[in-house]
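# Chain and residue survey
Each chain is listed here by its residues.
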Amino acid sequence: MRIKYLLSLASLAFMVNVFAQTNYQMPPKEILELADTKAPAQNLITKSNKYLMQIERPLYKSLDELAEPELRLAGLRINPENFNQARGTYYTGIKLFSLPDAKEIPVTGLPQNLKMQSLIISPQETHLAFIQVLPNDLELWILDLKTGIAKNTNTHHLNAVVGAPVQWDADGQSLLVKSKGEKGKFPDTRVLPKGPATQDATGTKAPARTFQDLLRNKQDEAKFDYYAMANITRVYLNGTPGKTVLPEAVYKRVSLSPDGKNLMSEEVKQPYSYTLTFGSFASQFNIYTSDGQKLSTFYDRPLQDKIPSDFDAVAAGKREISWRDDKPATLVWAEAPDGGDPKNPSEFRDQIFQADAPFTQPKSICYLKNRVSDMSFGKGDFAIVQDFWWKTRNTRVYSINPSLEKQEPKLIFDRSSEDVYGDPGAFATTFNAMNRPVLEFSKDGKKLYLEGEGCSPEGNKPFLDEFEIATKKTKRLWRADGKSTYETIVKVLDIEKKLLITSIEAPKTMPNLFIRNFGKKDAPRQITFRPNPYESMAKVSKQKIFYKRKDGVQLSATLYLPAGYDKAKSGKLPMLMEAYPTEYKDDKAAGQVKESPHTFISINWATPVYWVNRGFAILEDAQFPIIGKGTEEPNDTYNEQLVADAEAAIRYVDSLGLVDKNRCAVMGHSYGAFMTANLLCHSNLFAAGIARSGAYNRTLTPFGFQSEERNYWQAQKIYNTMSPFNFADKFSSPILLIHGDADNNPGTFTLQSERLFQAIKGNGGKARLVLLPFESHGYAARENIMHMLWEMDSWLDKWVKNK
């Protein structure tokens, strides 16, 4: 008995050790100094290029911030203390400069403990409005751009739970804000349910992806209404008392017509859904005068629960309802002749309509072969329309005359969206007198302009082209040389004077802004001067490598080597590979180079590059195409192609004599984590793996995932063979599973990592499960991120570096 008792105590001690909560740890110095480097300011240039703002944000949130009260309702995460979206991004500093001289305008009067969000510039570019986030309230502040003086408007109790909480009126002298009124927190009284929550399947197909944070009962519905409902109030800059324009409702969006005389609102309506997020709830589109007098109901949109799961499927009826940017008050929208179901045969897949005020007489502009994906208006008789069809990856660009009815669009481009080398770019826009984005024409009105990324085998070389409307011919105006830097267009300052604002960077040079005259050979003039904050990376080697898969598919990756590495002296290195699979229909497009080799070596919480300072070779963003030609779908041979992608990368770096192929690790986040788990259970290529916030059992995402549009019952074999959970007894190497314990991403429930860990453990495999408190799909708190880096470093040190 005594022996059994002692054994039981020993077993208990072992269990406590296995399941004990780990205190927060810090990564080693080489990683910590990079991870704690201050985040660079973001550049914001006003529409007419008058001002440049540099806004600063915290590098991380604190654990205390993530632990703030949070309600999870209808796909939203709500802070009930201040009627704001929980976990939102905010800014803590701002610098203001005039352009083009880049002269700083001192900013004064900002609130203490600045936490600003929802920044929006007035149409005349005289003021910046922003919300100051307080623990129990949201305030409206105004910054005078000419003087740099910030003032509190004394407008409190804003509601930022749903949609944009602030927008300017057309005259720039007043704003429309969403207000919660005098509401406090939802009454915290315990109310027992009056019965069970019920749902019915009525025999009509209603597929839905695995969304999280959904409504579950009538109590949730009441809370959603309470926090999401707001009234629309007009606030005046001159101090005139504000007035209510629209009564309390759940406003998904409220948009002013370009002339500022009409308002269109989209108001969420019951009944609500317990399987979809609020974005799919029924809604009503109403038209009001700018003072709030209701003119009409334009459209009643039903609950969007019957849309097929096909990626080319859309809602039946009106959709993409918006104002025409080149007209004072004209609505434009699309309707699908096939009822929104791509399985229904139809010569055309979309029809574009418009209606002038009072919006009761719709006119058909044109039909499109594919689903509309973008519309850019220029003037009354000219617009550009783009469409797209997922199944074939076909995209087309047309010109139309929106003043005509039922015309045949004039085809400009017809291409595969996968072919980045053949991408002609996007038509450049400017802002008209109503402060709306419209196509930018040449002075004579005969030409447009195209801005593109300029992907090529040598890397991205962004460009600006002139497009002649009559002949559809293009003329190259400027292209970055791409020899040692990556330069991209930020803004077109003046097309006639040939002035651009560009951003220039290099692997060791931080991105900075320049003014370039592309009509001259002069060097561009630098206007921002941000130094490289990562001193320890100064001598790290970065290079683009190219190699082939065994079936001939061309692949590439970015290879980093430690500072001062000498192959002859140091020998072969351990390697950490990071990747994210991408689906293709064209094997030639799959291997195209999609980034410049000269981009800045930037650091963020998710990057594998930290470990180059710990003696690892890093293979970042290794191409992992999954290809399905013709009638085949990419995932039909997912695992085989995944292994082939990994084999090709390891074989190549091994041939260079740089990497020890027996000390290679693989890592990924989300779908990259799914990839990592599959590689470990279907190959012997890696000494260890790190999988963060992945999904590992595809039967739990039965109505499609990532780029898989078939449901589980249409492709059971595919779902099962792609699920590493089903092969938990086959894991060849140890896997570190990290997951936020509040993940809200569709499909990547925290349960996915917990169940895979249990399955591996139960089958005698090696794994470690780390659940980061309060974290969602992307990690935010410094305490959690530092501990994550420590976990990863310890794992790599134990199972790879010192294998």
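Attention here is on the structure that accompanies the text. All values derive from a computational prediction rather than experimental measurement.

What follows covers the overall build of the protein chain. Per the secondary structure count, the protein chain includes eleven helices and 47 strands. The C-alpha radius of gyration of the protein chain comes to 28 Å, within 12% of the 28 Å expected for a compact globule of 803 residues. Its C-alpha atoms give the protein chain principal-axis dimensions of roughly 85 × 75 × 60 Å. Looking at the protein chain as a whole, 55% of its 803 residues qualify as buried. Sequence-distant contacts in the protein chain: of pairs separated by 6 or more residues, those separated by 24 or more amount to 58%.

Taken together, the four strands give an open sheet; going across it, the order is β16-β17-β18-β19, and neighbouring strands pair in antiparallel fashion. At either end of the open sheet lies a strand with only one pairing partner, and these are β16 (251-256) and β19 (294-301). For this sheet the average axis-to-axis angle between neighbouring strands, irrespective of direction, equals 15°. Direction of pairing for strand β17 (residues 262-268) relative to strand β18 (residues 283-289): antiparallel, over a ladder of seven bridges. Following the sheet pairing, leucine 263 is matched in β18 by tyrosine 288.

Attention shifts here to the sheet that holds strand β34 (residues 486-494). If you trace the four strands from one edge of the open sheet to the other, you get β34-β35-β36-β37, paired in antiparallel fashion. For this open sheet the edge positions go to β34 and β37 (525-526), each flanked by a neighbour on one side alone. In this structure, β34 lies alongside strand β35 (residues 499-506), joined through seven bridges in antiparallel fashion. Bridge pairing in β35 links isoleucine 489 to threonine 502.

Strand direction decides the pairing type here: strand β22 (residues 350-356) and strand β23 (residues 363-368), joined by five bridges, are antiparallel. For glutamine 354, the partnering residue across the bridge sits in β23 and is lysine 363. The turn linking β22 back onto β23 is made up of six residues, and phenylalanine 359 within it adopts a positive phi angle of 70°.

As a further point, take the nonpolar core. With 58 residues, the main nonpolar core has Met575, Met577, Leu619, Phe624, Leu679 and Phe686 as its most contacted residues. Formed by 37 residues, the second largest nonpolar core is a distinct cluster that contains Ala35, Leu576, Trp611 and Leu736.

The calculated volume of the largest pocket comes to roughly 1,200 Å³. Among the secondary structure elements, those contributing two or more residues to the lining of the largest pocket are β8 (116-121), β12 (166-168), β16, β20 (319-323), β24 (371-379), β29 (429-431) and β34. When residues of the lining of the largest pocket are assigned to their parent elements, the largest contribution, six residues, is made by β34. Tallied by class, residues from the lining of the largest pocket come to 21 nonpolar, 13 polar and 13 charged.

Right, let's talk about unusual backbone geometry for a bit. Leave glycine aside and you will find that most residues have negative phi; peptide bonds, for their part, are mostly trans. Across the junction of leucine 99 and proline 100, the peptide omega takes the value 10°, indicating a cis bond. You can see proline 100 is positioned in the loop between β6 (93-98) and β7 (103-105). If you check the backbone angles, serine 118 has positive phi at about 55° while not being a glycine. In this fold, serine 118 is placed in strand β8. The phi torsion at lysine 406 lies on the positive side, around 50°, for a residue other than glycine. Following the sequence through the fold, lysine 406 ends up in the loop between β26 (394-400) and β27 (410-416).

A few words now on the state of the cysteines. In this structure the tally under the stated criterion is zero disulfides. Lacking any disulfide linkage, cysteine 681 is separated from the closest cysteine sulfur, that of cysteine 664, by 18 Å.

In the structure shown here, the tally under the stated rule is 31 aromatic pairs. The rings of Tyr580, Tyr638, Tyr671, Phe674, Phe703, Phe705, Tyr712, Trp713 and Tyr719 are connected pair by pair, giving a single aromatic cluster. Residue placement shows lysine 115 over the ring face of tyrosine 90; its charged tip is 4.4 Å from the ring centre. A cation over a ring is seen here: lysine 318 above phenylalanine 298, with NZ or CZ 5.5 Å from the ring centre.

A word on the pattern of salt bridges. With the rule as written, the count across this model stands at 41 salt bridges. Close ionic contact of aspartate 338 with arginine 349 constitutes a salt bridge, the shortest N to O distance being 2.7 Å. Of the two residues, aspartate 338 sits in the loop between β21 (330-335) and β22 while arginine 349 sits in the loop between β21 and β22, which places them eleven residues apart along the sequence. You can call aspartate 338 buried: its relative accessible area is 4%. Put simply, arginine 549 and aspartate 551 hold a salt bridge, and the shortest N to O gap is 2.8 Å. A single network of salt bridges, built from pairs that share partners, joins Glu30, Arg614 and Asp793.

Position of tryptophan 168 among the secondary structure elements: in strand β12. In sequence terms tryptophan 168 and leucine 128 are 40 residues apart; their C-alpha atoms lie 9.8 Å from each other. A polar contact is formed between the side chain of tryptophan 168 and the backbone oxygen of isoleucine 120, at a distance of 3.0 Å.

This next bit is on the side chain of arginine 234. Following the sequence through the fold, arginine 234 ends up in strand β14 (residues 230-236). In terms of polar contacts, arginine 234 uses its side chain to reach the backbone carbonyl oxygen of serine 290, at 3.0 Å. With near-sequence residues (within four places) excluded, arginine 234 lies in contact with Asp169, Ser174, Leu175, Leu176, Gly242, Lys243, Val245, Ser290 and Asp291.

Helix length check: helix α7 (residues 638-655) (18 residues) gives 26 Å between terminal C-alpha atoms against 26 Å at 1.5 Å per residue, within 8%. Inspection of α7 places Tyr638, Asn639, Gln641, Leu642, Val643, Ala644, Asp645, Ala646, Ala648, Ala649, Ile650 and Val653 among the buried residues, and these make up the whole buried set. A positive phi of about 75° marks glycine 657, the residue just after α7.

For helix α4 (residues 218-228), the set of buried residues is Asp220, Glu221, Phe224, Asp225, Tyr226, Tyr227 and Ala228. The backbone nitrogen of glutamine 219 has a side-chain oxygen 3.1 Å away, supplied by the residue at the start of α4, namely asparagine 217.

Right, let's get into the packing of α7 against helix α8 (residues 671-682). Between α7 and α8, the shortest axis-to-axis distance is 10 Å and the interhelical angle comes to 90°. Taken as axis vectors, α7 and α8 run roughly perpendicular relative to one another. Across the interface between the two elements, Tyr638, Asn639, Leu642, Val643 and Ala646 from α7 touch Tyr671, Phe674, Met675, Asn678, Leu679 and His682 from α8. Looking at side-chain class alone, the contact of α7 with α8 contains eight nonpolar, three polar and no charged residues.

With that settled, consider the environment of asparagine 231. Along the chain, asparagine 231 turns up in strand β14. Note: C-alpha distance between asparagine 231 and leucine 158 (73 residues apart in sequence) is 9.5 Å. Ignoring sequence-local partners within four residues, the contact set of asparagine 231 consists of Val177, Lys178, Ser179, Thr244, Leu246, Pro247 and Glu248. Looking at asparagine 231, its side chain comes within polar contact range of the side chain of threonine 233, at 2.8 Å.

Across six bridges, β18 lies against β19 in antiparallel orientation. The partner of phenylalanine 285 across the bridge, within β19, is tyrosine 299.

Reading the values: the criteria
- Residues numbered from 1 in each chain as written.
- Predicted model: local features only at pLDDT ≥ 70, side-chain atom pairs only at ≥ 80, totals over all residues.
- Heavy atoms only, no water.
- Helix = DSSP H or I, 4+ residues; strand = E, 2+ residues; numbered from the N terminus.
- Rg over C-alpha atoms; globule rule 2.2 N^0.38 Å.
- Buried < 20%, exposed > 50% of the residue type's maximum accessible area, 1.4 Å probe, protein only.
- Contact = heavy atoms within 4.5 Å.
- Pairing = 2+ DSSP bridges.
- Axes fitted to C-alpha atoms, helices over the stretch in contact; angles between N-to-C directions.
- Core = buried A, V, L, I, M, F, W, Y, C linked by side-chain atoms within 4.5 Å.
- 1 Å grid on protein atoms, 1.4 Å probe; cavity = no way out; pocket = protein on both sides within 12 Å on 5 of 7 lines; lining within 4 Å.
- Points joined across faces, edges and corners; volume = space filled by probe spheres on them.
- Nonpolar A, V, L, I, M, F, W, Y, C, P; charged D, E, K, R; others polar.
- Disulfide = S-S within 2.5 Å.
- Phe/Tyr/Trp six-rings, centres within 6.5 Å; stacked < 30°, edge-to-face > 60°.
- Lys NZ or Arg CZ within 6 Å of the ring centre and 35° of its normal.
- Salt bridge = Lys/Arg side-chain N within 4 Å of Asp/Glu carboxyl O.
- Polar contact = N/O pair within 3.5 Å; in protein donor to acceptor, adjacent residues only side chain to side chain.
- Expected span 1.5 Å × (residues − 1).
- Parallel < 35°, antiparallel > 145°, perpendicular 65-115°, else oblique.

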